[in-house]
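Listed below, chain by chain, are the residues.
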Amino acid sequence: MRSVGVTIAGCLLVLSGCSYHNVVHNAAGLYAEAEAHRRAGRDSVAHVQYSLVIEKTGQAFRARPDSEWAGEALFLLARSRLRVGDLRAADAALSEARHRTQHPALRAEILVYQAIVQFEAGDRNGALERANEALEGPIKGEALAEAHLLRGRLLLGRRLTDQGWWDLDRASEAYEPLRVEADLDRLRFGVRHDDRSRARWALEGLLAHAEAGPRTDTIVALVGQATARWGASEAARLLAGADSSTWDRTARGRIALERARLLDLGGDTIAAAAQAWSIARGLGQSAAEARLLISSWRLTRSRDLREAFAVRAILLPAGGDPRVAQTLESIELLEHFTTVGLNEALGWFAAAEVARDQLGAVHLARGFFLAYADGAPADPWAPKALLAALEVSSAEGDRSWLRGRLEAHARSPYVLAAFGGPAAGFEELEEELDVRLRELTRR
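Description of the structure in this document.

Calculation rules
- Residues numbered from 1 in each chain as written.
- Predicted model: local features only at pLDDT ≥ 70, side-chain atom pairs only at ≥ 80, totals over all residues.
- Heavy atoms only, no water.
- Helix = DSSP H or I, 4+ residues; strand = E, 2+ residues; numbered from the N terminus.
- Rg over C-alpha atoms; globule rule 2.2 N^0.38 Å.
- Buried < 20%, exposed > 50% of the residue type's maximum accessible area, 1.4 Å probe, protein only.
- Contact = heavy atoms within 4.5 Å.
- Salt bridge = Lys/Arg side-chain N within 4 Å of Asp/Glu carboxyl O.
- Expected span 1.5 Å × (residues − 1).
- Arc of directions from axis to C-beta.
- Core = buried A, V, L, I, M, F, W, Y, C linked by side-chain atoms within 4.5 Å.
- Axes fitted to C-alpha atoms, helices over the stretch in contact; angles between N-to-C directions.
- Parallel < 35°, antiparallel > 145°, perpendicular 65-115°, else oblique.
- Left-handed = near helix turned anticlockwise from the far one by under 90°.
- Nonpolar A, V, L, I, M, F, W, Y, C, P; charged D, E, K, R; others polar.
- Phe/Tyr/Trp six-rings, centres within 6.5 Å; stacked < 30°, edge-to-face > 60°.
- Lys NZ or Arg CZ within 6 Å of the ring centre and 35° of its normal.
- Lys, Arg positive; Asp, Glu negative; His and termini not counted.

Structural notes on the overall build of the protein
For the protein, the count of helices and strands is 23 helices and zero strands. Radius of gyration (C-alpha) of the protein: 32 Å, far over the 22 Å computed for a compact globule of 443 residues. When its C-alpha atoms are laid out on the principal axes, the protein stretches across 110 × 55 × 45 Å. Here the protein, with 443 residues, has 47% of them falling under the buried criterion. The long-range fraction of contacts in the protein, counting pairs at least 24 apart against all pairs at least 6 apart in sequence, stands at 55%.

Structural data, given as structure tokens:
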């Protein structure tokens, strides 16, 4: 009977060990999935996965803290704590995990993540020392790439560019899933250190990697920094490979539209229109956004109603998009108020506000504000219209002329308010104007 009991106890221990190993194995799979989500910019999904890893490994470790798998469980727990921002708990778990293992490779890997914790906590010197120590150990794969990526960031942050670029190159080579992170850092530090060739190389790499598509928000933000430093034309050149990118259609369309905006901002309106139209002729959200962008350019530059109304032909093929539908409704409202203005001048004031606020058609808005002020000069809102025309006028000659006209309305509550003085009757005029404009809408 004793031998049977010993045998049963031994089997239970084996089963317990197998169960522990399975928990750690499954947690490792969840952690890998969470890392993939994080690198793709799906932070909320990644957070859920990391939380599951924390729950599973925490329960396993508390149940069997003396297990041979306890060190690995702690390492998974620590890295997940790090990713959710719990630096204190991550550091404690990493220290315990390193204390529990004598395996040189695992100890070196733990050092890498301790360095990352220090970096996230703001201890740049300590992070660099630990990253250097880890890189002297027998690490490979993901941990090796993470160490080079971290050291590259630290060195580039200190303007030690040659060594920093070398580390980012090694990070890309050591672990393919980290090549997007390395390219994002190349772009970030390329802009910061005024290295256009590095920035261009980084964007070529990002556009060539399909997995970089979900990071469009980050890339657009970094291109924005490049625009601020080098100008829109140079930033547009950085995105020259947008059309041939391996990204999915939506991401490719978005980055190509960003290039179109930059081309337009840089003054190359012909190339900008060609880029935007190449997307507008397609399908889906990007095509609708392209039609909206083309329409916004047309409306911003429109100086007569025919040009503004012609925008409808551009928008109608994407009329199912809510933003397109809203723009079409605004154009209809503009036409309605224009017609009302033929009989009641206040309709032109309403048309001006639609042109300015809903369509961005500032030239048309200026014309309508002036048409109202000329058509109803005795109305108490004529000075408001002149002030609005002044606001949307860019030429100094026009602004000087309008300021001269406003001198005749020096006692208007609108003029007094504009110059910071007491403006008795201002609120009453605004309330009456609001009522009258709503009445015009119903006609």
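So that's the structure; there's more coming.
Some words on the pattern of salt bridges
Applying the stated criterion across every chain, the model contains 37 salt bridges. Residues Arg100 and Glu96 are paired through a salt bridge, measuring 2.8 Å at the closest nitrogen-oxygen approach. Remark: Glu96 and Arg100 occur in helix α4 (residues 87–100); sequence separation between them is four residues, near one turn of the helix. The network of salt bridges with shared partners includes Glu35, Arg38, Arg39, Arg83, Glu142 and Glu146.

Concerning the environment of Leu178
Its location among the elements puts Leu178 in the loop between α8 (161–174) and α9 (179–192). As for Leu178 and Leu149, which are separated by 29 residues in sequence, their C-alpha atoms are 8.5 Å apart. Among all residues touching Leu178, those that are not within four sequence positions of it are Arg39, Glu142, Ala145, Glu146, Leu149 and Ala171.

Things to note about helix α14 (residues 269–280)
Look at α14: 16 Å from first C-alpha to last across twelve residues, which is about the 16 Å you get at 1.5 Å a residue. Those residues of α14 that fall on the buried side of the exposure criterion are Ala272, Gln275, Ala276, Ile279 and Ala280. Down the axis, α14 shows its buried residues gathered within 140° of arc, on one side only. Buried residues along α14 sit against α13 (249–265) and α15 (284–301).

Regarding the nonpolar core
Counting residues in each nonpolar core, the largest one holds 47 residues, and the members touching the most others are Leu334, Phe349, Phe369 and Tyr372. Core analysis: the next-biggest nonpolar cluster, separate from the first, contains 42 residues, Ala73, Phe119, Leu135 and Leu150 among them.

Quick word on unusual backbone geometry
Although it is not a glycine, Arg159 sits at a positive phi angle of roughly 70°. Positionally, Arg159 belongs in the loop between α7 (141–157) and α8. Positive phi outside glycine occurs at Asp194, with the angle close to 60°. Mapped onto the elements, Asp194 comes out in the loop between α9 and α10 (196–208).

Comments concerning the packing of helix α3 (residues 70–83) against α4
Contact pair α3 / α4: the axes reach a minimum separation of 8 Å and the direction vectors enclose 160°. Between α3 and α4, the interaxial angle falls into the category roughly antiparallel. Every pair of crossing elements has a handedness; the one defined by α3 and α4 is left-handed. Where α3 abuts α4, its residues Ala70, Gly71, Leu74, Phe75, Ala78, Arg81 and Leu82 lie against Leu87, Ala89, Ala90, Ala93, Leu94, Glu96, Ala97 and Arg100. Residues that form the contact of α3 with α4 fall into these classes: eleven nonpolar, one polar and three charged.

Observations concerning the packing of aromatic side chains
For the structure shown, the criterion picks out five aromatic pairs. Pairing Phe349 with Tyr372 gives two aromatic rings, centres 5.6 Å apart and planes at 70°, and the pair type is edge-to-face. With Phe349 in helix α18 (residues 346–357) and Tyr372 in helix α19 (residues 362–375), the pair connects residues that are 23 residues apart, well separated along the chain. Classification of Phe349 as buried rests on a relative accessible area of 1%. The ring of Tyr31 has Arg79 sitting right over it, with the charged end atom 4.6 Å from the ring centre. A cation over an aromatic ring shows up here: Arg186 above the ring of Trp201, its NZ or CZ 4.9 Å from the ring centre.

Examining the packing of α3 against helix α5 (residues 104–120)
The relative placement of two packed helices comes down to the angle between their axes together with the axis-to-axis distance. Packing of α3 against α5 brings their axes to within 11 Å, and their N-to-C directions diverge by 20°. With respect to each other, α3 and α5 are oriented roughly parallel. In this structure, the crossing between α3 and α5 has a hand that is left-handed. The segment α3 lies against α5, with Phe75, Arg79, Leu82 and Arg83 engaging Leu106, Glu109, Ile110, Tyr113, Ile116, Val117 and Glu120. For the contact of α3 with α5, the class distribution of residues is seven nonpolar, no polar and four charged.

A look at the side chain of Arg259
Of note, Arg259 is situated in helix α13. No salt bridge is formed by the buried Arg259. Its closest oppositely charged neighbour is Asp243, at 5.0 Å. Excluding residues within four positions of it along the chain, Arg259 makes contact with Ala236, Leu239, Ala240 and Gln275.

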